[in-house]
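# Geometric and topological summary
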Amino acid sequence: PTHPLQFRWALWYLHADNSKKSWEENLKKIAVFSTVEEFWALFNHLVEPSSLQRGCDYYLFKEGIKPMWEDTANNKGGRWLLFVDRKAKKLDEYWMELLLAIVGEQFEEYGNDICGIVVNVRGKADKLSVWTADANLDEVNLGIGKIFKEKLTIPDTETIQYESHKDASHRQNSNVKARLSLPQIEGN
Ligand code: M7G
């Protein structure tokens, strides 16, 4: 018997590359799945993030949503961003926890507010993120951020921030103003 998942998912891979190809040309959809069995068949054999070359990414998004700011499902949205220190050697474990949480409906009533998850392999400071559909829904996004931290058992004292894709795509440098943070900061 097969066990259907709540949503149909697509895994994308972005290959780090120094050629003249655009960001979008380096982004490839590598698999689609919609059952528990297909999920394990794929992830049992997939190269773990920490073994990828620096600059590569994985994106797991609902089938039909391109993992880009420009997609209509993402363009009003944003992301919770967690920096993962290489030295802690937690990246692969965190990525698997996040995969299981999103595919296994552990975001509960927020399932429809989530577009996908991302791992950016960047060497010293790798990044994990959860992309949500609407950057203005603070209560929803805070609920998602709390589950994100819980599933990965990130200590309460460690801060994660939520930024809108509009802000991230218009940034002039690496500083994007956070719209939300957890733990919450007064007046934010
Ligand atoms: P990143 O890979 O998210 O972060 O963005 P990084 O700074 O850690 O590498 C790097 C660059 O990739 C951006 O400045 C954009 O040029 C491109 N890029 C990333 N994303 C997520 C998008 C996207 O959704 N759309 C487009 N057009 N470019 C993107």
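For the structure, check the block above.
Here is what the cut-offs are and how they apply
- Residues numbered from 1 in each chain as written.
- Predicted model: local features only at pLDDT ≥ 70, side-chain atom pairs only at ≥ 80, totals over all residues.
- Heavy atoms only, no water.
- Salt bridge = Lys/Arg side-chain N within 4 Å of Asp/Glu carboxyl O.
- Helix = DSSP H or I, 4+ residues; strand = E, 2+ residues; numbered from the N terminus.
- Near = heavy atom within 4 Å.
- Polar contact = N/O pair within 3.5 Å; in protein donor to acceptor, adjacent residues only side chain to side chain.
- Areas by Shrake-Rupley, 256 points an atom, 1.4 Å probe, with all protein chains shown as cover.
- Buried < 20%, exposed > 50% of the residue type's maximum accessible area, 1.4 Å probe, protein only.
- Contact = heavy atoms within 4.5 Å.
- Phe/Tyr/Trp six-rings, centres within 6.5 Å; stacked < 30°, edge-to-face > 60°.
- Pairing = 2+ DSSP bridges.
- Axes fitted to C-alpha atoms, helices over the stretch in contact; angles between N-to-C directions.

Let us now look at the pattern of salt bridges. A side chain of one charge can pair with a side chain of the opposite charge if their charged atoms are brought near each other. Counted according to the given criterion, the structure contains 8 salt bridges. Here Glu63 ties to Lys29 by a salt bridge, and the two come within 3.0 Å at their closest N and O atoms. One end of the pair, Glu63, is in the loop between β3 (57–62) and β4 (78–85); the other, Lys29, is in strand β2 (residues 27–35), with 34 residues separating them in the sequence.

To continue, consider the site of the ligand. For the ligand, the full set of nearby residues is Trp23, Met68, Trp69, Glu70, Arg122, Lys127 and Arg171. Trp23 places a polar side-chain atom, nitrogen or oxygen, 3.5 Å from an oxygen atom of the ligand. In the environment of the ligand, an oxygen atom lies 2.6 Å from a nitrogen or oxygen atom belonging to the side chain of Lys127. Look at the ligand: alone it shows 570 Å² of surface, and the protein chains cover 66% of it.

Attention now moves to unusual backbone geometry. Negative phi values dominate among residues other than glycine, just as trans dominates among peptide bonds. Pro183 follows Leu182 through a cis peptide bond whose omega is 0°. Its identity is not glycine, yet Lys89 carries a phi of approximately 55°, on the positive side. Mapped onto the elements, Lys89 comes out in the loop between β4 and α2 (91–103). Taking the relative accessible area as the measure of exposure, Lys89 reaches 74% and is therefore exposed.

Our focus in this paragraph is the environment of Phe39. Its place among the elements puts Phe39 in helix α1 (residues 36–43). The spatial distance from the C-alpha of Phe39 to the C-alpha of Val103 is 8.6 Å, given a sequence separation of 64 residues. With near-sequence residues (within four places) excluded, Phe39 lies in contact with Phe33, Met96, Leu99, Leu100 and Val103.

Turning next to the environment of Ile147. Relative to the elements of secondary structure, Ile147 occurs in helix α3 (residues 138–151). Between the C-alpha atoms of Ile147 and Phe107, which are 40 residues apart in sequence, the distance is 6.6 Å. Apart from residues lying up to four places away in sequence, Ile147 is in contact with Gln106, Phe107 and Tyr110.

For the rest of this paragraph, the subject is the packing of aromatic side chains. Throughout the structure, instances matching the rule amount to 11 aromatic pairs. Ring centres 6.0 Å apart and planes at 80° place the aromatic pair Phe7 and Trp9 in the edge-to-face group. Comparing Phe7 with Trp9 shows no difference in burial state: the two are buried. The interplanar angle of 90° and the centroid separation of 5.3 Å between the aromatic rings of Phe61 and Trp131 together place this pair among those described as edge-to-face. A residue pair is termed long-range when its members are at least 10 positions apart, and Phe61 in strand β3 and Trp131 in strand β6 (residues 125–132) qualify at 70 residues.

What follows deals with the environment of Glu37. Take Glu37: it is sitting in helix α1. In this structure, the C-alpha to C-alpha distance between Glu37 and Leu5, residues 32 residues apart in sequence, is 9.7 Å. Not counting residues within four places of it along the chain, the set of residues in contact with Glu37 comprises Pro1, Thr2 and His3. At 2.6 Å, the side chain of Glu37 forms a polar contact with the side chain of His3.

Let us now look at the sheet that holds strand β7 (residues 160–164). Within the open sheet, the 8 strands sit side by side as β2-β1-β3-β5-β6-β4-β7-β8. Their pairing is antiparallel. One side of each edge strand has no neighbouring strand; the edge strands of this open sheet are β2 and β8 (180–182). Taken pair by pair, the neighbouring strands of this sheet meet at an average axis angle of 20°, ignoring direction. Across the sheet, α1 touches β1 (4–14), β2 and β3, and the angle it forms with β2 is around 140°. Contacting β4, β5 (114–120), β6, β7 and β8, α3 crosses the sheet at an angle of about 30° to β8.

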